[in-house]
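# Structural features, examined
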Amino acid sequence: MTQPASAKVTRASRLPIVWLVPLVALAIGGWLIFRELHSRGTEITIAFTTASGVEAGKTNLVHQGVPVGEVTQVIVKKDLSGAEVTLRLNKEAEAFARADAEFWIVRPEVTFSGVRGLETLIGGVQLNGRPGSGPPAKEFVGREHPPVAEDPSQGRAFLLRADKLGSLSAGAPVYYREVKVGAVETSRLADDATEALIRIRVYTPYIDLVRANTVFWNAGGAAFKVNLLGAQLKSTSLEALFSGGISFATPEGKDGLAPVAPDGASFALHDEAEKDWLKWKPRIPIKPIDSEPGRQPRASDLPAALKPN
């Protein structure tokens, strides 16, 4: 009588549960690394003359009030001519890694033209920038000062040519009969370096004051006059005394007023006014923001400093 074959029992090898902990940790770590690399944007380098207050891991690139990048390194340039700031962009901020993007450092600044960078008193300095639309780039030269906001609907821009810039700076006032009607936007040297070019903007209600034969002169700084009665200090305003200023006047000829100057028209900037210019009193209709009872001022009527946020 044959006996039935006995069943052979084998134990399945089981992974000790103690190994599950490092495997799970490894999986989570790998997922976190993947997510970080996937969300991480481009790393760019910005050269500044000085990077005072900029700190790695603390200073952010802020756009429209939202952080879109973080400074990862701040070093001195090899030739000791400035500082290099390495910035890691967020994935959604790739437009800042374009050739025509601009960057500048925002610090608290108090001038007669207003207060800038007040929020940095608490959170420290920050980087601001304008995204670009050119080809991809990773190296940039930072601006020394924030650019002046350009708004074509806010008045009309004109170009002034001068032998020297003098005390004029961005934001300096532009006056007509000592009433502020505009501001300096920016300045640079001419392409052949023979003169300084200053771009100003006259606010919307006053653009008809600038005619084809209008004359401009430098009204900034202080002028001393000494006569038998003593010394006299003359300045248009405290704002013009410290940041510079420009005044202009328009004559009325025998045939009436000259045509209104178009946007971008060019004029010479004189060092000072001639006596006859100060006597010109042409009747030029303007439309100031308070000329119509009950009318609410439009955004295009207001200087940038008075516009609502």
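Throughout, residues of each chain are indexed from 1 in the direction in which the sequence is written. Thresholds applied to this predicted model are a pLDDT of at least 70 for local features of residues and 80 or more for the giving and counting of side-chain atom pairs; totals over whole chains, interfaces and linings are not thresholded and use all residues. Excluded from the side-chain calculation are hydrogens and water; included are all heavy atoms of the structure.

## Re the overall build of the protein
Helix and strand labels come from DSSP, where a helix needs a run of H or I of at least four residues and a strand needs a run of E of at least two; each type is numbered from the N terminus. Looking only at helices and strands, the protein has three helices and 18 strands in total. Relative to its full complement of 309 residues, the protein shows a buried share of 34%. Taking the contacts inside the protein whose residues are at least 6 apart along the sequence as the reference set, 69% of them involve residues at least 24 apart. Each accessible area is a Shrake-Rupley result for a 1.4 Å probe, and residues are judged covered by the shown protein chains and nothing else. With an accessible surface of roughly 20,400 Å², the protein has 56% of that area assigned to carbon and sulfur atoms. The cut-offs for exposure are 20% and 50% of the maximum accessible area for each residue type, with area from a 1.4 Å probe on protein chains only; residues under the lower value are buried, those over the upper are exposed, and the others partly exposed. Between two residues, a contact is recorded if the distance between any of their heavy atoms is within 4.5 Å.

## Concerning the nonpolar core
Nonpolar side chains tend to gather and get buried jointly when the protein is soluble and globular. As used here, the term nonpolar core means buried Ala, Val, Leu, Ile, Met, Phe, Trp, Tyr and Cys residues forming a set that is joined through side-chain atoms within 4.5 Å. Counting 25 residues, the largest nonpolar core has Ile 198, Ile 200, Phe 216 and Ile 246 as the members making the most contacts within it. Once residues lying within four places of it in the same chain are set aside, the contact partners of Phe 216 are Leu 160, Ile 200, Val 210, Ile 246, Ser 247, Phe 248, Phe 267, Ala 268, Leu 269 and His 270. In this structure, Ala 83, Val 85, Ala 93 and Leu 127 belong to the second largest nonpolar core, which totals 22 residues.

## Observations concerning a negative patch on the surface
What makes a patch is a set of residues exposed beyond 30% relative accessible area and free of salt bridges, joined within 9 Å when like-charged and within 5 Å when nonpolar (Val, Leu, Ile, Met, Phe, Trp, Tyr). Any Lys or Arg side-chain nitrogen located within 4 Å of an Asp or Glu carboxyl oxygen qualifies as a salt bridge. Positive charges come from Lys and Arg alone, negative charges from Asp and Glu alone, with His and the N- and C-terminal ends not counted. A single reference atom marks each charge: NZ on Lys, CZ on Arg, CG on Asp, CD on Glu. Taken together, the side chains of Asp 163, Asp 271, Glu 272, Glu 274 and Asp 276 define an acidic patch exposed on the protein surface. Tracing the chain through its elements places Glu 274 in the segment after β18 (266-270).

## Quick word on the sheet that holds strand β13 (residues 196-202)
For two strands to pair, DSSP has to find at least two bridges joining them. With mixed pairing, the seven strands of this closed barrel are ordered in space as β10-β13-β12-β11-β17-β14-β18. When strand polarity is set aside, the average angle formed by the axes of neighbouring strands in this sheet is 35 degrees. Axes here refer to lines fitted to C-alpha atoms; in helices the fit is confined to the stretch in contact. Angles between the N-to-C directions go from 0 to 180 degrees.

## Brief notes about the environment of Glu 92
Its place among the elements puts Glu 92 in the loop between β4 (83-90) and β5 (102-106). Taking relative accessible area as the criterion, Glu 92 reaches 63% and is therefore assigned exposed. For the pair Glu 92 and Gly 41, spaced 51 residues apart in sequence, the C-alpha to C-alpha distance is 7.5 Å.

## Thoughts on the pattern of salt bridges
Scanning the entire structure with this criterion turns up seven salt bridges. One salt bridge in this structure joins Arg 130 and Glu 102, with 3.6 Å as the shortest N-O distance. Linking Arg 130 in strand β8 (residues 126-130) with Glu 102 in strand β5, this pair joins segments that are 28 residues apart in sequence. Among the residues examined, Arg 130 registers a relative accessible area of 31% and is labelled partly exposed. Through salt bridges with shared partners, one network takes in Glu 102, Arg 130 and Arg 143.

## Quick word on the side chain of Thr 42
Take Thr 42: it is sitting in strand β1 (residues 40-48). Reaching out from Thr 42, the side chain makes a polar contact with the side chain of Glu 94 at a distance of 2.7 Å. Apart from the residues lying within four places of it in its own chain, the contact partners of Thr 42 are Leu 87, Arg 88, Leu 89, Glu 94, Ala 97 and Lys 138. As used in this structure description, the phrase polar contact means that two N or O atoms lie within 3.5 Å; if the pair is within protein, one of them must be able to donate a hydrogen and the other to accept it, and residues adjacent in sequence are counted only when both atoms belong to side chains.

## Looking at the side chain of Asn 128
Tracing the backbone through its elements, the reader meets Asn 128 in strand β8. Engagement of the side chain of Asn 128 in a polar contact is seen with the side chain of Gln 126, the distance being 3.4 Å. Sequence-distant contacts of Asn 128, that is, excluding residues within four places in its chain, are made with Leu 61, Val 62, Glu 102, Phe 103, Trp 104 and Val 106.

## Remarks on the pairing of strand β2 (residues 60-63)
With four bridges connecting them, β2 and strand β3 (residues 66-76) associate as antiparallel partners. Directly across from Val 62, in β3, lies its bridge partner Pro 67. As consecutive antiparallel partners, β2 and β3 are separated by two residues, and within that stretch Gln 64 has a phi angle of approximately 55 degrees, a positive value.

## Description of unusual backbone geometry
Leaving glycine aside, a negative phi is the common case for residues, and trans is the common case for peptide bonds. Even without a glycine there, the phi angle at Gln 64 is positive, about 55 degrees. The class for Gln 64 is exposed, based on a relative accessible area of 70%. Of note in the backbone geometry, Arg 177 takes a positive phi value of approximately 55 degrees without being a glycine.

## With respect to the packing of aromatic side chains
Stacked, edge-to-face and tilted are the three classes for Phe, Tyr and Trp ring pairs, Trp counted by its six-membered ring, which pair at centre distances within 6.5 Å; planes under 30 degrees apart are stacked, over 60 edge-to-face, the rest tilted. Under the counting rule described, the total for this entry stands at eight aromatic pairs. Ring plane angle 65 degrees and centroid distance 5.2 Å describe the contact between Phe 103 and Phe 140, whose orientation is recorded as edge-to-face. Of this pair, Phe 103 sits in strand β5 while Phe 140 sits in strand β9 (residues 139-141), placing them 37 residues apart in sequence. Under the relative-accessibility criterion, Phe 140 is labelled buried at 8%. Here Phe 216 and Phe 267 contribute two aromatic rings whose centre-to-centre distance is 5.1 Å and whose plane-to-plane angle is 55 degrees, an arrangement assigned as tilted. In this pair, Phe 216 sits in strand β14 (residues 215-218) while Phe 267 sits in strand β18, placing the two residues 51 residues apart along the sequence. Across the pair, Phe 267 and Phe 216 agree in class, each one buried.

## Focus: the pairing of strand β11 (residues 173-176)
Residues Pro 173 and Tyr 175 line one face of β11 and the alternating positions Val 174 and Tyr 176 line the opposite face, and both faces are buried. Here β11 folds back onto strand β12 (residues 179-189), and the loop between the two strands holds two residues, one of which, Arg 177, carries a positive phi near 55 degrees. Relative to strand β17 (residues 246-249), β11 runs parallel, the two sharing two bridges. Looking at β17, one finds that Tyr 175 is bridged to Ser 247.

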